[in-house]
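Understanding the architecture of this molecule
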Amino acid sequence: MVVVKKYLWLLLVGIFFACNTGKKVALIPVNDFFKTQDRAIYRLSPDGKYLSYLKLQDKQQSLVVEDLETHQETKLSKLEERNISYYCWVSNDELIYYKDKDGGRFQTDLYIVSRDGKEERLLNANEKSKIRVLEDQLIDDKYLLVTSNKRDSTVFDVYRLNVRNGNMNVVAKNPGNFTNWLTDNNGKLRMAISSDGVDESFWYRENETKPFKKIITNNFKTTLFPVAFSESKPNTIYAISNVNRDKSALVEINCLTGKEANVLFANDTLNVVEAQYSKQRRKMDFVVYETWKKEKHYLDEEAKALFEKLDKLLPKTELRIIHRDRKEKRFVVRTFTDRSPGSYYLYFVDNNYLKKLSDLNSSIKEEEMCEMKPISYMSPDGFKINGYLTLPLHIEPKNLPVVVMPHNGPGQRNVWGYNADVQFLANRGYAVLQVNYRGSTGYGKEFYAAGFKEWGLKIQQDVDAGAQWLIDKKIADPKRIAIYGNGFGGFIAINSAITSPTLYRCAGSSSGVLNLFSYLKTIPPFLTSNLQMFYEIVGNPDKDSEYMRQASPVFHADKVKIPVFITQNPKDPRINGNDAVQFVKELKKLNLSVTYLEKEDNKSPVNREEARQKSYTALEVFLQDNLKKR
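Since the model is a prediction, treat every value here as computed from it, not as a measurement.

**Concerning the overall build of the protein chain**
- Per the secondary structure count, the protein chain includes 12 helices and 35 strands.
- In terms of overall size, the protein chain behaves like a compact globule, its C-alpha atoms giving a radius of gyration of 25 Å where 630 residues would be expected to give roughly 25 Å.
- Along the three orthogonal principal directions, the C-alpha set of the protein chain runs to about 70 × 60 × 50 Å.
- Per-residue burial over the protein chain gives 55% buried out of 630 residues.

**Focus on the environment of Asp67**
- Along the chain, the position of Asp67 falls in strand β3 (residues 60-67).
- In contact with Asp67, not counting residues within four places along its chain, are Lys49, Tyr50 and Gln72.
- A polar atom in the side chain of Asp67 sits 3.3 Å from the backbone nitrogen of Thr70.

**Brief notes about the packing of helix α6 (residues 458-472) against helix α7 (residues 488-499)**
- At a minimum axis separation of 11 Å, α6 and α7 run at an interaxial angle of 85°. Of the possible angle classes, the one that applies to α6 and α7 is roughly perpendicular. Residues Ile459, Gln460, Val463 and Asp464 of α6 pack against Ile492, Asn495, Ser496 and Thr499 of α7.
- Residues of the contact of α6 with α7, tallied by class, amount to 3 nonpolar, 4 polar and 1 charged.

**A short note on the nonpolar core**
- One finds Val404, Trp455, Tyr504, Leu516 and Phe583 to be the most contacted residues of the largest nonpolar core, which totals 66 residues.
- Contact partners of Leu516, with chain neighbours within four places excluded, come to Phe488, Phe491, Val538, Tyr547, Met548, Ala551 and Ser552.
- Core analysis: the next-biggest nonpolar cluster, separate from the first, contains 24 residues, Val30, Phe33, Val422 and Leu627 among them.

**Side note on the sheet that holds strand β17 (residues 224-229)**
- If you trace the 4 strands from one edge of the open sheet to the other, you get β17-β18-β19-β20, paired in antiparallel fashion. Two strands close off the open sheet at either side, each with one partner strand: β17 and β20 (259-265). Averaged over all neighbouring strand pairs, the angle between strand axes comes to 35°, with direction disregarded.
- Examined bridge by bridge, β17 and strand β18 (residues 236-241) share 5 bridges and lie antiparallel to one another. What sits directly across from Phe229, in β18, is Ile237.

**Quick word on the side chain of Asp421**
- Relative to the elements of secondary structure, Asp421 occurs in helix α4 (residues 420-427).
- For the buried Asp421, which has no salt bridge, the nearest side chain bearing the opposite charge is Arg612, at an N-O separation of 8.2 Å.
- Within the structure, Asp421 has its side chain in polar contact with the side chain of Tyr616 (distance 2.6 Å).
- Setting aside residues up to four positions removed in sequence, Asp421 forms contacts with Phe34, Met405, Tyr484 and Tyr616.

**Digging into unusual backbone geometry**
- The step from Gly409 to Pro410 runs through a cis peptide bond, and the omega angle for that step is -10°.
- Counting through the fold element by element, Pro410 comes out in the loop between β30 (400-406) and α4.
- Non-glycine residue Asn352 carries a positive phi angle of around 50°.
- Mapping Asn352 onto the fold places it in the loop between β26 (343-348) and β27 (353-359).
- By relative accessible area, Asn352 is classed as partly exposed at 31%.

**Quick notes on the pairing of strand β9 (residues 131-139)**
- In the sheet, β9 pairs with strand β10 (residues 143-148) via 5 bridges, with the strands oriented antiparallel. Counterpart to Ile131 in the pairing with β10 is Ser148.

**Examining the side chain of Ser518**
- By secondary structure assignment, the location of Ser518 is in helix α8 (residues 516-521).
- Within polar-contact distance, the side chain of Ser518 engages the side chain of Asp579 at 2.4 Å.

**Remarks on the pattern of salt bridges**
- Taken as a whole, this structure holds 33 salt bridges when the rule is applied.
- The residue Arg245 makes a salt bridge to Glu260 at a minimum N-O spacing of 3.1 Å. In this pair, Arg245 is assigned in the loop between β18 and β19 (249-254) and Glu260 in strand β20, connecting sequence segments 15 residues apart.
- The partly exposed category is assigned to Glu260, whose relative accessible area is 37%.
- We note a salt bridge from Arg438 to Asp462, for which the minimum N-O separation is 2.7 Å. Of this pair, Arg438 sits in the loop between β31 (431-436) and α5 (445-449) while Asp462 is found in helix α6, placing the two residues 24 residues apart along the sequence. For the pair shown, Arg438 and Asp462 are each scored as buried.
- The network of salt bridges with shared partners includes Arg281, Lys283, Asp285, Asp300, Arg324 and Glu328.

**Some points on α6**
- Taking 1.5 Å of rise per residue, 15 residues should cover 21 Å, and α6 covers 20 Å from first to last C-alpha, within 8% of that figure.
- In terms of residue burial, α6 counts as a mostly covered element, since 11 of its 15 residues are buried.
- Listed in full, the buried residues belonging to α6 are Ile459, Gln460, Asp462, Val463, Asp464, Ala465, Gly466, Ala467, Trp469, Leu470 and Ile471.
- On its buried side, α6 packs onto β28 (372-378), β29 (384-390), β30, β31, β32 (476-486) and α7.
- Just beyond α6, the residue with positive phi is Lys474, at close to 65°.

**Description of the sheet that holds β10**
- Overall, antiparallel pairing links the 4 strands, which are arranged β9-β10-β11-β12 in an open sheet. Sheet topology places β9 and β12 (168-172) at the edges, where each strand pairs with a single neighbour. Adjacent strand axes in the sheet meet at a mean angle of 30° when their direction is disregarded.
- Sheet topology note: the strand β11 (residues 157-162)/β12 ladder contains 4 bridges and is antiparallel. Note that in β12 the partner of Arg160 across the bridge is Asn169.

**Topic: the pairing of β19**
- For β19, a buried count of 5 out of 6 residues is recorded, marking the element as mostly surrounded by other parts of the structure.
- As paired strands, β18 and β19 are joined by 6 bridges and run antiparallel to one another. Note that in β19 the partner of Ile237 across the bridge is Ile253.
- Looking at chain direction, β19 and β20 are connected through 5 bridges and run antiparallel. Its bridge partner lying in β20, Leu250 is registered against Phe265.
- Here β19 hands over to β20 after 4 residues, with Gly258 in that stretch at a positive phi of 80°.

**A closer look at the packing of aromatic side chains**
- Within this structure, the stated rule accounts for 36 aromatic pairs.
- Ring centres 5.2 Å apart and planes at 10° place the aromatic pair Tyr97 and Tyr111 in the stacked group. Taken together, the residues span a long stretch of sequence, with Tyr97 in strand β6 (residues 94-100) and Tyr111 in strand β7 (residues 108-114) at a distance of 14 residues. Grouping residues by exposure puts Tyr97 and Tyr111 together as buried.
- Judged by centre distance (6.4 Å) and plane angle (90°), the ring pair of Phe178 and Phe212 falls under edge-to-face. Here Phe178, found in strand β13 (residues 178-183), pairs with Phe212, found in the loop between β15 (199-204) and β16 (213-219); they are 34 residues apart in sequence, far enough to count as distant. Neither residue differs from the other here; Phe178 and Phe212 are each classed as buried.
- Members of the aromatic cluster, each reached through a chain of ring pairs, are Tyr437, Trp455, Phe488, Phe491, Tyr519 and Phe534.
- The side chain of Arg549 reaches across the aromatic face of Phe555, ending 4.2 Å from its centre.

Scoring rules and cut-offs
- Numbering of residues starts from 1 in each chain and follows the order in which that chain's sequence is written.
- Confidence filtering applies because this is a predicted model: local features only for residues at pLDDT of at least 70, side-chain atom pairs given and counted only at 80 or more, and all residues used for totals across whole chains, interfaces and linings.
- Just so you know, side-chain values use all the structure's heavy atoms and leave hydrogens and water out.
- Here a helix means four or more residues in a row that DSSP labels H or I, a strand means two or more in a row labelled E, and each is numbered from the N terminus.
- Note that the radius of gyration is over C-alpha atoms, with the globule rule given as 2.2 Å times the number of residues to the power 0.38.
- Classification of residues uses two cut-offs on accessible area relative to the type maximum, computed with a 1.4 Å probe and protein chains only: under 20% is buried, over 50% is exposed, and between them is partly exposed.
- Note on contacts: a residue pair is in contact if any heavy atoms of the two residues lie within 4.5 Å.
- Polar contact is defined as a pair of N or O atoms within 3.5 Å, subject to the rule that within protein one atom must be able to donate a hydrogen and the other to accept it, and that residues adjacent in sequence are counted only when both atoms are side-chain atoms.
- To get an axis, a line is fitted to the C-alpha atoms, and for a helix only the part in contact is used. The angle between two axes follows their N-to-C directions and goes from 0 to 180 degrees.
- Orientation labels follow simple angle bins: below 35 degrees gives roughly parallel, above 145 gives roughly antiparallel, 65 to 115 gives roughly perpendicular, and whatever is left gives oblique.
- The classification used treats Ala, Val, Leu, Ile, Met, Phe, Trp, Tyr, Cys and Pro as nonpolar, Asp, Glu, Lys and Arg as charged, and all other residues, Gly among them, as polar.
- We define a nonpolar core as any set of buried Ala, Val, Leu, Ile, Met, Phe, Trp, Tyr and Cys residues linked to one another through side-chain atoms lying within 4.5 Å.
- Two strands qualify as a pair provided DSSP detects at least 2 bridges between them.
- Here Asp and Glu are counted as negative and Lys and Arg as positive; His is not counted, and neither are the chain ends.
- By definition, a salt bridge exists where a carboxyl oxygen of Asp or Glu is found within 4 Å of a side-chain nitrogen of Lys or Arg.
- To estimate how far a helix should extend, the number of its residues minus one is multiplied by 1.5 Å.
- Two rings belonging to Phe, Tyr or Trp (six-membered ring only in the last case) form a pair when the distance between their centres is within 6.5 Å. Interplanar angles under 30 degrees mark stacking, angles over 60 mark edge-to-face geometry, and anything in between is tilted.
- Two thresholds decide whether a charge sits over a ring: the Lys NZ or Arg CZ must be within 6 Å of the ring centre and within 35 degrees of the ring normal.

Pasting the structure below:
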């Protein structure tokens, strides 16, 4: 009864809040923001005649194939408790998919199934290994190139998998430090990447009969990302690179010398984050650079003409091509804005026709969502910090309750676009500040490296400076500022309850890192070669133990001065759940205000949806209790 009254009170407050603005703001149900997509992961067959997707119906996830001429649908596989984590077409008549194994984060079962659903076979049955598809097209109608760690759990070798009988033969054995393998546009294994945890090297061979030779070595702080092999220039790759520059550019690299041969796009102020290669035209289509949002610079007139047509058909929206057929005559297009999760479309090039496939979330109405605007401010030591500010609808931006949301990490950033967490909070009347603190990607090497081993230190100061900027601008009510985040965002938030209790009224964490020592211990075996890199970014347990202990909230429960909200899945392999349990116990012993919600380990999409509703409803109550009182 008490719980019911509290939710009724929340609803009344929301209605009153809306009426006082002069324009009605609908209080949208929690679950509307976080609904699981009914249809997702659309893929076209190589010949473009069939469209596949994952469909959720009656609590079952199915892999479905639609004949684009007859529109007949065929269900290939039904799953209840286990999900398809990845699938693709390997020919015009067959698909492969990964099915998550029960109780295993890093193991998956690999199946092949005919598009009519009549034949389905398990291709690997090793309970202790993981298999990944390296080249998604069949060779000689029966072989797939895959990588697997079945020989050694810490490394991945390359195998030729016979999909007819399940036999696997080694194509390239990992010497122990290769972290990635790359094929050319014809499916030939031509390049490998190795790492000692700090330095990354590229190995190349002219053809599959020759041994790999090391051609380039860079420190991990340097970006060098191969995009595609050139088909017009032998022994040349296109790559996104910031070698000898701060911002990433698109370049050509001579694979015999390892030297940069040509620059296709570079700008001292713009950072290239993506590049698109057309296998059909054998050309680079465009690069994508990111400032406050992603924009294209075209390198091919045909690609430019294609997107200009799409822009006319889909005005006032961002769009991304997420799949295409081999001849690039049919495309799966996804749209979105900052106020809409968007929709999926099928585009037919020959007649410039667009067919809508589905909405990502039909419960969301764009006019009821809030605009995400770019902002920037200076950190105490002179760094320019960028971020996004989302203000609630129809409210004067003055003395507002605020939720500061630092992003997860390391090596991530907030991006412009629809964000369900942000829109949920804005609908509840909160201004939401997303901060790209130092160490975030997309702003160049210097800014990225400036965040190394600054967890709990200068990174914390960057986030706090954002909250202070809102106060100085009179946007935030200084007595009603919360901080909330996921993963390392949760780490920053809980640290704020310790280091900045006068700036924030409360702090919340979802699946947050609470202990830097145990975070490093949860790194899986096949990523152990990257440990030295993690030591550089997060801290070395042997050399930096004092700093890591000081920065880890789990050791400082006695210093918490404000109410804390924590949700954690105790079985989450990425985070040590015992840290949260220990931390909460310490807070309760000290009679400190703490709300703890244990997430369930849900594998099915429907159960995950129910768990999300429970978690966000609890967060809503927590924020309401702490920020709405004046």
